[in-house]
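Breakdown of the fold
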Amino acid sequence: MRFDVPARLSRNHLFTLRWVFCHHSLNRSGEQRCLALLESCTTPTHIHQLLSHLTKTGLSSNLLIITKLISICPQLNAMEIAESMFFQSPIRDAFLYNTIMRGYAQLGDPHKQKSIHFFSLMIKEGVTPNKFTFPFILKACAGLLDINLGLQIHGFVFKLGFYQDEFVGNTLVHMYGCCNGGIDYACKVFDEMPHRRNPVCWSALIGGYVRNGCSSNAIELFRRMQVDGIPPDGITIVSVLSACADLGALELGKWIDMYIERCSIPRTIPLCNSLIDMFAKCGSIEDARRIFDGMPERTVVSWTAIIDGLAMHSHGGEALELFLEMRRSKIQPDDVTFIGVLSACSHAGLVEDGCRYFDSMVDDYGITPKIEHYGCMVDLFSRAGLVEKAFQFVRTMPIEPNTIIWRSLLSACKIHGKLKIGEQISKWLIKFEPNRCSNYVLLSNIYGSMSQWSDKAKVREMMNKQGIKKTPGCTLIELNNSIHEFVAGDKSHPESREIYKMLDEMGKKLKMAGYIPRTTNVLLDIDEEDKEDALHQHSEKLAIAFALLKTPRGTTIRIVKNLRVCDDCHNATRFISKVYYREIIVRDRNRFHRFWR
């Protein structure tokens, strides 16, 4: 601060100037001291002590100190103090508003609504948002999954002219990518960006595609990113690995693993966890184990990913051995870990071990079972043929069983011949979920197993009356860095003529090897020959035929099915593996099926 001193001053004037100068110096030194004290605050108690000090030194209205204090409150779980200081401040500028909005945006989803509240207050008080305001508030919209609110905020961005700002644009893409129905908006913002897109923006859209179930688009965008010469960061890689896991794109996943090595991208724990998950879901449990074994440090997520992967591949014994090793490593399992452990017991038929681990989860770790844990137990009993025990378990559950559990029990009834119980469950499911296709399909299969063809035909009539169509089977296969998609009975593939020729050849060779089509699974009311044709054109058979055409003899075939593999396709794939001397790995929505001669 500068003071202009006249040539001649009275004693009173000199005294006043000395007092002002000393007061200013004291305030400056006091401010610096308080800012230093803020750096050492590690608990809410420390903040309360600092507030007392501010009151004593007359700095309780210092805007800089208030803003700094509010900025440390989220990490100390002290947002009540932050709010109190905010409303006590005589001046509330955009920087102060941004600080408290960022604080709430950083916390869990229930707190993000508070960010929206303060943004509304900011507008009401006539404080103009700046370009730093919108990334905070858009992240809150993303956390709340509120696309309508996001659209309103986008309107403010456009009105105030911040749509050209790089950081605001990145956050808009992220926000739309997080919200249901927002991916088209995310693409539009991405395509219309006036500046060169940075890796954060590419990563936001790739992540948005993955969250919205558009994994093929995510991989296509990743390849476009490479063509444009944009180096992906670790976050982008994690999103692309999720897309690979979803599609079963093992070759691309392996390429990314080598790319990480070649470009010396740090193998952080989240990145390694994503690699484990990707390799496990793409059918290469050996590579998943390699990544896990090479990790110098592992979290509960790392252990859970490999245990769950081994369970999916029916390596139940190995999964349980790893769980014991995890406990010896003093890593505390969580509720998700136990889902993997119980699933491992289920696939390995270890009923007693499963019951013991279920009890241990409650007694030793204090974890309250969720619906997923009860579902694992029902699956455990059902796979072991203990259908009555599974049924009794469901009836005595302390929480209401969901339709997934009832459908699991229903499938067990069909497999193990408890058809009357299955019929009762099917009718109840149709009454509870009249528009769900799978309920009708399961009931139809039950009637087919009971040779009640008239009742099976009635199910078809019910579906037609309700306007319900069976979800088409869809199978993906990755060949030569491309994802090929096949739908049951579809002839849209460019090489469909050759594929159907191969299907005919397969059909003849399989019958010669002893294959008999299981036509009870066909829902349509048609004759046996047409039923065989319908089974012949299931999506996994089309994908396998394509693979036989396009890959050398002896190459492993890997496919991903969107539905559960039907009995006939499971049986047919076993014969194809034997006749064509191929290892075939099929991932359906439940697990992996490995066929080798």
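Counting starts from 1 at the beginning of each chain's written sequence and moves along it residue by residue. For this predicted model, a pLDDT threshold of at least 70 governs which residues receive local features, and a threshold of 80 or more governs which side-chain atom pairs are given and counted, while totals over whole chains, interfaces and linings are taken from all residues. With hydrogens and water excluded, all non-hydrogen atoms of the structure serve as input to the side-chain values.

Going by the annotation in an unreviewed UniProt entry, the name recorded for the protein is DYW domain-containing protein, with Nymphaea colorata given as the source organism. UniProt positions are given in the numbering used here, feature names are shortened, and annotations may be inferred rather than shown by experiment. We quote the UniProt Sequence similarities (unreviewed entry) comment for the protein here in full: "Belongs to the PPR family. PCMP-H subfamily."

This next bit is on the overall build of the protein. A count of helical and extended segments in the protein gives 30 helices and 5 strands. Radius of gyration here uses only the C-alpha atoms, and the compact-globule reference equals 2.2 Å multiplied by the residue count raised to the power 0.38. Radius of gyration (C-alpha) of the protein: 31 Å, far over the 25 Å computed for a compact globule of 597 residues. Oriented by its inertia axes, the alpha-carbon framework of the protein measures out at about 120 × 55 × 50 Å. Long-range contacts, defined here as pairs at least 24 residues apart, represent 63% of the contacts in the protein between residues at least 6 apart. For the protein, the exposed area adds up to about 30200 Å²; of that, 52% sits on carbon and sulfur atoms. Counting rule applied: Lys, Arg positive; Asp, Glu negative; His and chain ends not counted. Lys charges are placed at NZ, Arg charges at CZ, Asp charges at CG and Glu charges at CD. One way to put it: in the protein the 72 positive side-chain charges average out to a point 3 Å from where the 64 negative ones average out. Working definition: helices are DSSP H or I runs of at least four residues, strands are E runs of at least two. Numbering for both runs from the N terminus. In what follows, residue pairs with any heavy atoms lying within 4.5 Å of each other are defined as contacts. The protein chains shown are the only cover counted for residues, whose accessible areas, like all others here, come from Shrake-Rupley with a 1.4 Å probe.

The subject of this paragraph is the packing of aromatic side chains. Any two rings among Phe, Tyr and Trp, with Trp reduced to its six-membered ring, count as a pair given centres within 6.5 Å; such a pair is stacked if its planes are under 30 degrees apart, edge-to-face if over 60, and tilted if neither. For the structure shown, the criterion picks out 27 aromatic pairs. Ring plane angle 25 degrees and centroid distance 4.9 Å describe the contact between F158 and Y163, whose orientation is recorded as stacked. The cut-offs for exposure are 20% and 50% of the maximum accessible area for each residue type, with area from a 1.4 Å probe on protein chains only; residues under the lower value are buried, those over the upper are exposed, and the others partly exposed. Accessibility expressed as a relative area gives 55% for F158, which makes it exposed. Y163 sits in the partly exposed class, given a relative accessible area of 38%. Members of the aromatic cluster, each reached through a chain of ring pairs, are F86, F87, Y97, Y104 and F118. The ring of F190 is capped by R197, whose NZ or CZ atom sits 4.4 Å from the centre of that ring. R356 extends its terminal NZ or CZ atom over the ring of Y357, reaching a point 4.9 Å from the ring centre. Each ring is checked for a lysine NZ or an arginine CZ that lies within 6 Å of its centre and within 35 degrees of its normal; such an atom marks a charge sitting over the ring.

For helix α30 (residues 567-579), built from 13 residues, the straight-helix expectation of 18 Å at 1.5 Å per residue is met to within 8% by its first-to-last C-alpha distance of 19 Å. Taken together, the buried positions of α30 are occupied by D568, C569, N571, A572, T573, F575, I576 and S577. Once α30 ends, the next one or two residues include Y581, with phi positive near 55 degrees. Between the first and last residue of a helix there are one fewer steps than residues, each counted as 1.5 Å, and that sum is the expected span.

Before going further, it helps to examine the sheet that holds strand β1 (residues 474-479). Only when DSSP finds a minimum of two bridges between them are two strands counted as paired. Spatial ordering of the open sheet is given by β2-β1-β3-β4-β5, a layout of 5 strands whose pairing is mixed. Of all the strands in the sheet, the pair left with one neighbour each is β2 (482-487) and β5 (592-596). Each adjacent strand pair in this sheet contributes to an overall mean axis angle of 20 degrees, direction not counted. Pairing of strand β4 (residues 583-587) with β5 involves 5 bridges; the strand directions are antiparallel. Along β5, the bridge assignment pairs V586 with H593. Orientation is described by axes fitted as lines to C-alpha atoms, over the contacting stretch for helices, and by angles from 0 to 180 degrees between their N-to-C directions.

Let us look at the side chain of T403. Summarising the element assignment, T403 is placed in helix α23 (residues 403-415). For T403, a relative accessible area of 11% translates into the label buried. Ignoring any residue separated from it by four or fewer positions in sequence, one finds T403 in contact with L429, F432 and E433.

Listed under "repeat: PPR" (unreviewed entry) in the UniProt record, and renumbered for this structure, are residues 93-129, 198-232, 268-298 and 299-333. For residues 268-298, the end-to-end C-alpha separation is 10 Å, with 71% helix and 0% strand making up the annotated structure. Span residues 299-333 is 74% helix and 0% strand, its end C-alpha atoms 10 Å apart.

Right, let's get into the nonpolar core. As used in this record, nonpolar core signifies buried Ala, Val, Leu, Ile, Met, Phe, Trp, Tyr and Cys residues forming a set joined through side-chain atoms within 4.5 Å. Counting residues in each nonpolar core, the largest one holds 148 residues, and the members touching the most others are I47, L69, F134, V173, L205, I256 and I306. For every domain, the bounds stem from an assignment made automatically or drawn from a database. No fewer than three residues from each of domain 1 (53-195) and domain 2 (474-595) sit in this core. Those residues in contact with L205 that sit more than four places away from it in its chain are V173, I183, A186, C187, F190 and L221. Of all hydrophobic cores here, the second largest spans 29 residues; its members include I499, L548, C566 and C569.

A word on the pattern of salt bridges. The term salt bridge refers to a side-chain nitrogen of Lys or Arg lying within 4 Å of a carboxyl oxygen of Asp or Glu. Applying the stated criterion across every chain yields a total of 25 salt bridges. Among the ionic pairs, K418 bridges to E388, the shortest N-O distance being 2.9 Å. Taken together, the residues K418 in the loop between α23 and α24 (419-432) and E388 in helix α22 (residues 387-395) connect sequence positions 30 residues apart. With a closest N to O distance of 3.4 Å, E505 and K509 form a salt bridge. A residue pair is termed a helical-turn pair when its members lie 3 or 4 positions apart in one helix, as E505 and K509 do in helix α27 (residues 496-512) at 4 residues.

This part covers the pairing of β4. Among the 5 residues in β4, 5 count as buried, and that is most of the element. Whether a crossover is right-handed comes down to one check: with the strands pointing away from the viewer, does the path from the first strand over the helix to the second run clockwise; if it does, it is right-handed. In the classification by handedness, the crossover that spans strand β3 (residues 557-561), the intervening α30 and the parallel β4 is right-handed. Connecting β4 to the antiparallel partner β5 that follows it, the hairpin turn spans 4 residues.

With that settled, the discussion passes to α27. An ideal rise of 1.5 Å per residue puts 24 Å on 17 residues; α27 measures up with 24 Å between its terminal C-alpha atoms. All of the buried residues along α27 are S496, I499, Y500, M502, L503, M506, G507 and L510. On an axial view of α27, the arc spanned by its buried residues comes to 155 degrees, and they lie on one face. Opposite the buried face of α27, at more than 90 degrees from it, the exposed residues are R497, K501, K508 and M512. Trailing α27 by a residue or two, G514 shows a phi angle of about 110 degrees, which is positive. Our arc is simply the arc of the directions from the helix axis toward the C-beta atoms.

With that settled, consider the packing of helix α18 (residues 316-328) against helix α19 (residues 335-348). Helix packing geometry: the angle between the two helix axes and the distance between the axes. As a packed pair, α18 and α19 sit with axes 8 Å apart at the nearest point and diverge in direction by 150 degrees. The handedness of the crossing between α18 and α19 is left-handed. Contacts from G316, A319, L320, F323 and M326 of α18 reach α19 at T337, F338, V341, A344, C345 and A348. Put simply, Ala, Val, Leu, Ile, Met, Phe, Trp, Tyr, Cys and Pro go in the nonpolar bin, Asp, Glu, Lys and Arg in the charged bin, and everything else, Gly too, in the polar bin. In the contact of α18 with α19, the residues fall into 9 nonpolar, 2 polar and no charged. Note: crossing handedness is left-handed where the near helix turns anticlockwise from the far helix by less than a right angle, and right-handed where it turns clockwise.

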